[in-house]
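# Examination of the molecular architecture
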Amino acid sequence: MSHGFESDSIAKVSEEASSGLLVGVVRLIERCNEGVMGLSTIAILAASCILTLSVVSRYFLKVSTDWQDEASVFLLVGATFMCCAYVQSNRGHIGIDALASILPASVNRVRKGVVDIASLAFCTFFTWKSWTLFHEALVGGHTTSSSFAPPLWIPYGLMAVGMTNLTLQLLMQVLAYFGKREVVS
Amino acid sequence: AAPAQELKISHQFPGGTIAVGDFRDRLCRKFAVEVEKRTNGALKGTVYPGSSLMKTNAQFSAVSKGALEMSLFPVSYAGGEVPELNIALMPGVVTSYEQGLAWKNSEAGKLLSDVLYEKGIVIVSWVWQAGGVASRVKPIVEPEDAKGLKVRGGSREMDMVLKATGASVLSLPSNEIYQAVQTGALDAAMTSSTSLISFRLEEVAKHLTTGRGKAYWFMFEPLIMSRLVFEKLPKDQQATIMAIGAEMEKFGLEAAKADDQAVAKVYQKAGAKVYDLTDATVKKWQAIARDTAWKDYAKKNARCAQLIQLAEKVVPETPAEARPKVKAEKKGKKR
Amino acid sequence: MSVAAIGILYGLGTLVVMFSGMPIAFALGAIATVFMYFFMPGAALDMVTQNVYEEMASITLLSIPLFILKGACIGKSRAGADLYAAIHAWLHKIPGGLGIANVFACALFAAMAGSSPATCSAIGSAGIPEMRQRGYSPGFAAGIIAAGGTLGILLPPSITMILFAVAAEQSLGRLFLAGLGPWLLLVVLFSGYAAWRYKREYKTALDVYHGGGVKSAYLDEMLLTFSDKTRMLPRVLPFVILLTGVMVALYGGYATPSETAGLGAILALVLIAVVYKVWRPRDLKPIFTSTLKESTMLMLIIGMSLLYSYVMSSLHISQSTAEWIVALHLSKWVLLSTILFMVMVLGFFLPPVSIILMTAPIILPPLKAAGFDLIWFGVVMTIIMEMGLIHPPVGLNIFVIKNIAPDIPLKDVIWGVMPFVGLMMIAVLLLCLMPGIATWFPDMVMGVSSK
Ligand code: NA
Ligand code: NA
């Protein structure tokens, strides 16, 4: 299952982490991420197929195509949020790293820590608000207002789960950062 | 003096000025000017047109939670959240402006206000607007005309009616309508007269069925206010807001009617053929709606069933002009 | 605090978090949330997630991952390498031929995608490695793709232009036609620059080699007979089939613009399965992994930048600036320059769609009153906003490049892109001097507008 890219990233995060327990948790999360990537692949493929079949069925069978857009939106929103943690595990959320090359190494290490903590704080907040949104939609039985009218807790739930994973991933990275600093000092 | 309290008024329609542009934007701007004038600057309205503040659907929750003060909002968009609100774009429920006007003081209107009030929303100004159909190959006047065409109904209920006529219904975002009609991916689109103008479909459509006179497509797009915000205001300001809201209804009515005429002119000028609906035709559409969308709606919950029943009892009353003002003043005094 | 003070604080705060190295998506979200907390009603914070969701949950925006998938199919399979080998074989005599081919590939892809980062990603994932392999400097290669990618919003089905036409109450058909001339102008300018820069880099490489230095890939000889070249031609076929298939579906009235995105992805997958036997999960995995990584990164930035725009709009910052400029009652051309400058500065932070939504209703009436043709202005404004896509701090195309080629330092990407920003400015200047570049074509097709 695994290929070069992922084993690299495991090595990288394990490097950041120092304690054995942390490495175990990190590996568990990475395993989960791998599963999530598989599901997301299916989601994006399914969205493409749905949109293609929408064209084909409307042309040949003259049927209504009023649910395909929304189904694709749900699949693609889901894939986007669910993959956030994986992308973060590879440090794939791009930032402007211009300062990194200018600052002295010690200052740069502090900057990295601060940035990770700030990201963690924001994502924690966002995760919390995603769950309240999910809860509202679930309890209120909210759906979209189209003829298809699928329940909104599905995409909200995917957003909440995805953001939770992302927050956990960031937490691991922050913990790894502090673990490593103790070793250094 | 205390600093002015800001009332943000958000809507999804194209922005303009107080004098020209989409009348729904102008209604908000007029309201903003009046409210500032009559409260001596204690309240200050700021209009955010074209979803420049937040997306259409987010507006409803925002008003309901008090994160947004006001919005001119087609409430049927929140039909997924509050099923009762689907009545606001139910084909055949309202068939003339006079009937729309009678809603405010009808039993149906009271029930609709209550539904919104429970959600934390106060109706400030009642605006109903007719719509029509722009199509590229052949006109859609009678229900039979829609058979075999690819149509965007724009709402769950309209889609149901269209499916019953044998049309194939398409859902696509409003910003893709133009290109879809141009290429032929879409044969016809239904929307309000004003949006038929602003989407510029006359460039690509050959036929227009207007909503002037009679129509089965009527949308309720009131100016709404957050109850949380409203109830925190002093009584006199509340009364002022409701009074201005009631005055705006007249402007809304006249402007909506004017747009029904204007859209016909715009399409005619672009070389499209224009058709109007007769009573008999509207009845035909209404009959289909009664069998499909109305039934579906009534099944949603008891209040929906009650609302659709009451809706049939809303009959146009005349004279239309004299009534709303008196009511508004009374309401103000009582408090 | 006054709107101006808050606005300046918001801008400065953004610059600080951006340059701290915080991931762009989190930085935009965090700064927006902080300002929401301090300057907006408490309930606004409850709306954060719904706002992000509502902004993202449009099929128009979510077609971006599908366009990226289509690009990755070509770029991450042998299809891309073959395509570029064929192009190189035919065009290597032309200075900068490969770079020019990439500009054209972007220009053509622009007619399918409604967004610029999608265009940039689709062509760049194959184009950048290919150009670098043939000796192009990293910054040069990145600049070509980033700039070529901006063409995505100058042709239909551009979301940006659709919104402008609605806001300006102008003919969308006319606006799309008006985009054609400037699109061609930009293609010519970009290609011309590519040829010139190629010659310079080639000469430098030659000097280094003669001075005893390393031999750049630029100097690799290519000895191909005509029959060799002819034999390579069929390799272009999959790409041509893909391009025509999608164009026919979109412009022939079979598919809506967003359906086209899904259709294109499936067509690309089928083609690489049939032609290159790439169909096993093992072979497909890298394609999907890179697609998901890139689209997740990009969509999260777009979602958060819309949250950022929401706060900016709610605090009335862009609107007040626009109102202030309008209230100055400037003379015709000063007014235009000031407004364009404002659009450019807003482009530092905001995506094109947000700029139009916030400022168009305020700036368009005075421009119209000053006698400017709004169709012409729409094209000029679009080009100015395109510049914002390729310059920091928030330049979506730059981030796409950064993701495709993570080893190119941001500094190189930015320096590689800057000349193209200059070329776009020249294009705007030419458009001001000769408005006919934009208006001639629509006038010819649709008749001179009555104004
Ligand atoms: Na395009
Ligand atoms: Na920018």
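Rules used throughout
- As a convention, each chain's residues are numbered from 1 in the sequence order in which they are written.
- A letter from A marks each chain and a number from 1 marks each ligand, given out in the order of writing.
- With pLDDT at 70 or above as the cut-off, local features in this predicted model cover only qualifying residues; side-chain atom pairs require 80 or more to be listed or tallied, and sums for whole chains, interfaces and linings still use all residues.
- Remark: hydrogens and water are excluded; side-chain values derive from all non-hydrogen atoms of the structure.
- We count a stretch as a helix when DSSP gives it H or I for four or more residues in a row; a strand needs E for two or more, and each element gets its number in order from the N terminus.
- We compute the radius of gyration over the C-alpha atoms and compare it with the globule rule, which gives 2.2 Å times the number of residues raised to the power 0.38.
- We call a residue buried when its accessible area falls under 20% of the maximum for its residue type, exposed when it is over 50%, and partly exposed in between, using a 1.4 Å probe and counting protein chains only.
- When checking whether two residues touch, look at their non-hydrogen atoms; a contact exists if any pair is within 4.5 Å.
- Reported accessibility uses the Shrake-Rupley method at a 1.4 Å probe radius. Residues are deemed covered only where the shown protein chains occlude them.
- Once two parts are joined, some of their accessible surface, as seen by a 1.4 Å probe, is lost; buried area is that loss totalled over both.
- Salt bridges are identified by distance alone: a Lys or Arg side-chain nitrogen within 4 Å of an Asp or Glu carboxyl oxygen.
- Two N or O atoms form a polar contact when they lie within 3.5 Å of each other; inside protein one atom must be a possible hydrogen donor and the other a possible acceptor, and for residues adjacent in sequence the pair counts only when both atoms belong to side chains.
- A pair of aromatic rings is counted whenever rings of Phe, Tyr or Trp (Trp by its six-membered ring) have centres within 6.5 Å, and the orientation is called stacked for planes under 30 degrees apart, edge-to-face for over 60 and tilted otherwise.
- Helix axes use the C-alpha atoms of the stretch in contact, all axes being lines fitted to C-alpha atoms, and the angles between their N-to-C directions lie in the range 0 to 180 degrees.
- Roughly parallel refers to an angle under 35 degrees, roughly antiparallel to one over 145, roughly perpendicular to one between 65 and 115, and oblique to any angle outside these ranges.
- Each crossing gets its handedness from the near helix: less than a right angle anticlockwise from the far helix is left-handed, clockwise is right-handed.
- Under the grouping applied here, Gly and all other residues not named as nonpolar or charged are polar, the nonpolar ones being Ala, Val, Leu, Ile, Met, Phe, Trp, Tyr, Cys and Pro and the charged ones Asp, Glu, Lys and Arg.
- By this definition, two strands are paired if DSSP reports at least two bridges between them.
- Here pLDDT means the predictor's own confidence in every residue, given as a number from 0 to 100.
- As used here, the arc belongs to the directions running from the helix axis to the C-beta atoms.
- Multiplying 1.5 Å by the helix residue count minus one yields the expected span of that helix.
- Axes are fitted to the seven residues ending at a residue and to the seven starting at it; the angle between these axes is taken as the bend at that residue.

### Focus: the overall build of chain B
A tally of regular secondary structure across chain B gives 12 helices and 12 strands. The C-alpha atoms of chain B give a radius of gyration of 19 Å, which matches the 20 Å a tight globule of 335 residues would have. Referenced to the eigenvectors of the C-alpha coordinate spread, the extents of chain B come out at roughly 65 × 40 × 35 Å. Counting across all 335 residues of chain B, residues that qualify as buried make up 64%. A fraction of 76% describes how many contacts in chain B between residues 6 or more apart in sequence connect residues 24 or more apart. When the accessible surface of chain B is totalled, it reaches about 12,300 Å², and 53% of it is carbon and sulfur.

### Observations regarding the overall build of chain C
Assigned secondary structure in chain C consists of 22 helices and 0 strands. In terms of overall size, chain C behaves like a compact globule, its C-alpha atoms giving a radius of gyration of 22 Å where 451 residues would be expected to give roughly 22 Å. In terms of its C-alpha atoms, chain C occupies a principal-axis envelope of roughly 70 × 55 × 50 Å. With 451 residues in all, chain C has 67% of them scored as buried.

### Remarks on the interface of chain B and chain C
Contacts between chain B and chain C engage 36 residues on the former and 41 residues on the latter. Across the interface of chain B and chain C, roughly 3,100 Å² is buried in total on both sides, 58% from carbon and sulfur atoms. The three residues of chain B that bury the most area against chain C are B:Asn175, B:Glu176 and B:Gln179, which together make up 18% of that side's buried surface. Put simply, chain B and chain C have 1 salt bridge between them. Note that C:Glu55 and B:Lys55 form a salt bridge whose closest N and O atoms lie 3.0 Å from each other. Counting the contacts that link chain B with chain C gives 13 residue pairs in polar contact (both at pLDDT 80 or more). Residue assignment for the side of chain B that touches chain C shows that the elements contributing at least two residues are β2 (43–48), α2 (56–65) and α6 (177–183) of chain B. If one sorts the elements of the side of chain B that touches chain C by residue count, α2(B) sits on top with 5 residues.

### Points about the packing of aromatic side chains
Overall, the coordinates contain 33 aromatic pairs over all chains when judged by the stated rule. With centroids separated by 4.9 Å and ring planes inclined at 85 degrees, the aromatic side chains of A:Tyr59 and A:Phe60 adopt a geometry described as edge-to-face. Of the residues examined, A:Tyr59 reaches a relative accessible area of 42% and is grouped as partly exposed. Relative accessible area serves as the criterion here: at 60%, A:Phe60 is assigned to the exposed category. Here C:Phe35 and C:Phe39 contribute two aromatic rings whose centre-to-centre distance is 5.5 Å and whose plane-to-plane angle is 35 degrees, an arrangement assigned as tilted.

### Notes on the interface of chain C and chain A
Counting residues at the interface gives 53 residues for chain C, matched by 56 residues for chain A. Across the chain C/chain A interface, buried area totals approximately 4,900 Å², and carbon plus sulfur atoms make up 76% of it. A per-residue breakdown of the area chain C buries against chain A is headed by C:Phe26, C:Thr49 and C:Tyr53, which together make up 15% of the total. Inspection of the chain C/chain A interface yields 3 salt bridges. With its nearest N and O atoms 2.7 Å apart, the salt bridge here joins A:Lys129 to C:Asp46. On inspection of chain C and its partner chain A, the count reaches 8 residue pairs in polar contact (both at pLDDT 80 or more).

### Description of the packing of helix α8 (residues 116–133) of chain C against helix α9 (residues 138–150) of chain C
Residues and elements named next belong to chain C. Orientation of α8 relative to α9, taken along the N-to-C sense of each, is 155 degrees, at an axis distance of 8 Å. The pairing of α8 with α9 is recorded here as roughly antiparallel in orientation. Regarding α8 and α9, the two cross each other, and that crossing is right-handed. For the pair formed by α8 and α9, the contact residues are Ser116, Thr119, Cys120, Ile123, Gly124, Ile128, Met131 and Arg132 on the first element and Pro138, Ala141, Ala142, Ile144, Ile145, Ala146, Gly148, Gly149 and Thr150 on the second. Class assignment of the residues belonging to the contact of α8 with α9 gives a composition of 10 nonpolar, 6 polar and 1 charged.

### What to know about the packing of helix α6 (residues 78–91) of chain C against helix α7 (residues 97–109) of chain C
Residues and elements named next belong to chain C. Orientation of α6 relative to α7, taken along the N-to-C sense of each, is 125 degrees, at an axis distance of 9 Å. In terms of axis orientation, α6 runs oblique to α7. In the packing of α6 onto α7, the handedness of the crossing is right-handed. Of α7, the residues touching α6 (which contributes Tyr84, Ile87, His88 and Leu91) are Gly97, Leu98, Ala101 and Asn102. Residues that form the contact of α6 with α7 fall into these classes: 5 nonpolar, 3 polar and no charged.

### Quick word on the sheet that holds strand β1 (residues 5–10) of chain B
All names here are of chain B. Within the open sheet, the 5 strands sit side by side as β2-β1-β3-β11-β4. Their pairing is mixed. Either end of the sheet is taken by a strand with one partner, and the two such strands are β2 and β4 (121–125). Within this sheet the neighbouring strands show an average axis-to-axis angle of 25 degrees, counted without direction. The pairing of β1 with β2 spans 6 bridges and is classified as parallel. If you follow Ser10 over to β2, its bridge partner there is Tyr48.

### Quick notes on the confidence of the model for chain B
Per-residue confidence for chain B gives a mean pLDDT of 91; residues scoring 70 or more make up 94%. Residue range residues 320–335 of chain B is modelled with pLDDT below 50. Its contacts to residues more than four positions away, or to other chains, number 14 contacts.

### Quick notes on helix α22 (residues 436–446) of chain C
All names here are of chain C. Within α22 the residues assigned to the buried category are Ala438, Thr439 and Pro442. Buried positions in α22, seen along its axis, are confined to an arc of 75 degrees and lie on one side of it. Where α22 is buried, its residues contact α11 (172–210), α19 (374–390) and α21 (410–433).

### Examining helix α10 (residues 279–298) of chain B
Residues and elements named next belong to chain B. The end-to-end C-alpha distance of α10 is 25 Å, clearly below the 28 Å that 20 residues give at a rise of 1.5 Å each. Maximal helix bending in α10 amounts to about 45 degrees, located at Arg290. Of the positions making up α10, those classed as buried are Thr281, Val282, Trp285, Gln286, Ala289, Ala293, Trp294, Asp296 and Tyr297. Among the structural elements, α5 (156–164) and α11 (302–312) are those in contact with the buried residues of α10.

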